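Examining the three-dimensional arrangement
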Amino acid sequence: MEKSIIQQSDKYASARERMVRVQIVDRGISDQAVLRAMRKVPRHMFVPQEHIREAYDDYPLPIGYGQTISQPYIVAYMTEVVRPTNRKSALEIGTGSGYQAAVLAEIVSHVYTIEIVPELAEISSKRLKSLGYLNISVKHGDGYMGWPEHSPFDIVIITAAVEQIPQPLIDQLADNGRLVVPVGAPYAVQELILIEKKNGKIQKSRLTFVRFVPFKRL
Ligand code: SAH
């Protein structure tokens, strides 16, 4: 007999549960909403067919067009750091596969996400719709200028490495908002930086070292 859909989704459910326990909880992520989101989003639906067996493994995967879906732990870490709640809105730069947007959308009220590669914007937009995410808006374009019509954002997540943080994205951050971004040279190790805005003032903290694909300009 052919493997039923249920058996298949069970297979992924146990891989996903193991991913959350071993890669995420054991490394110190404790925000319950973040853990719930990581347990729910079907990561295997966000990776290319040829990598589906590695969907829950502990590393980034290629998604075509020279881009990658981040390692699960990094997605969980960046999501926890911006303190998502159901009253907050978020802007993501670098939709890629749409996975980080989906994880955020499980928690916040709305996610606006911008992708510079037209094919990825299109594929991810369709994927997120077919998975039932009504609270994600995907736009094709250069995220440098942000999405002023929907600003300010309580959360800004930049998932490509910048040498300098784009000023429009800092400007579109709400008061008491949090922005997270990898800063450093392309194709090198970058530092993950957290920006907090308090009474209009910017506070910067250095979090950890990461490796992201470069932020491009149109
Ligand atoms: N968050 C993604 C992974 C991002 S990889 C996920 O969950 O799968 C980084 C993405 O940023 C790539 O898809 C790349 O094309 C995109 N990107 C790079 N520069 C950009 C820019 N200026 N504006 C919007 N997207 C950009």
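These figures come from a predicted structure and were not determined experimentally. (Residues numbered from 1 in each chain as written. Predicted model: local features only at pLDDT ≥ 70, side-chain atom pairs only at ≥ 80, totals over all residues. Heavy atoms only, no water.)

This part is about unusual backbone geometry. Cis geometry marks the peptide bond from S151 to P152; its omega dihedral reads 0 degrees. Locating P152 in the fold gives a position in the loop between strand 5 (136-140) and strand 6 (153-158). Its identity as a non-glycine residue notwithstanding, R83 has a phi of 50 degrees, on the positive side. Within the secondary structure layout, R83 lies in the loop between helix 3 (72-81) and strand 3 (89-93). Notably, N199 is not glycine yet its phi reads approximately 50 degrees, a positive angle. Locating N199 in the fold gives a position in the loop between strand 8 (190-198) and strand 9 (201-210). (Helix = DSSP H or I, 4+ residues; strand = E, 2+ residues; numbered from the N terminus.)

Turning to helix 2 (residues 32-40), its buried residues are V34, L35, A37 and M38. One face of helix 2 carries all of its buried residues, which in axial projection span an arc of 160 degrees. Set apart from the buried face of helix 2 by more than 90 degrees, the exposed residues are Q32, R36 and K40. Between the side-chain oxygen of the N-cap and the backbone nitrogen of A33 there are 2.9 Å, and the N-cap of helix 2 in question is D31. (Buried < 20%, exposed > 50% of the residue type's maximum accessible area, 1.4 Å probe, protein only. Arc of directions from axis to C-beta. Polar contact = N/O pair within 3.5 Å; in protein donor to acceptor, adjacent residues only side chain to side chain.)

Remember, this is a structural readout, not a statement about activity or role.
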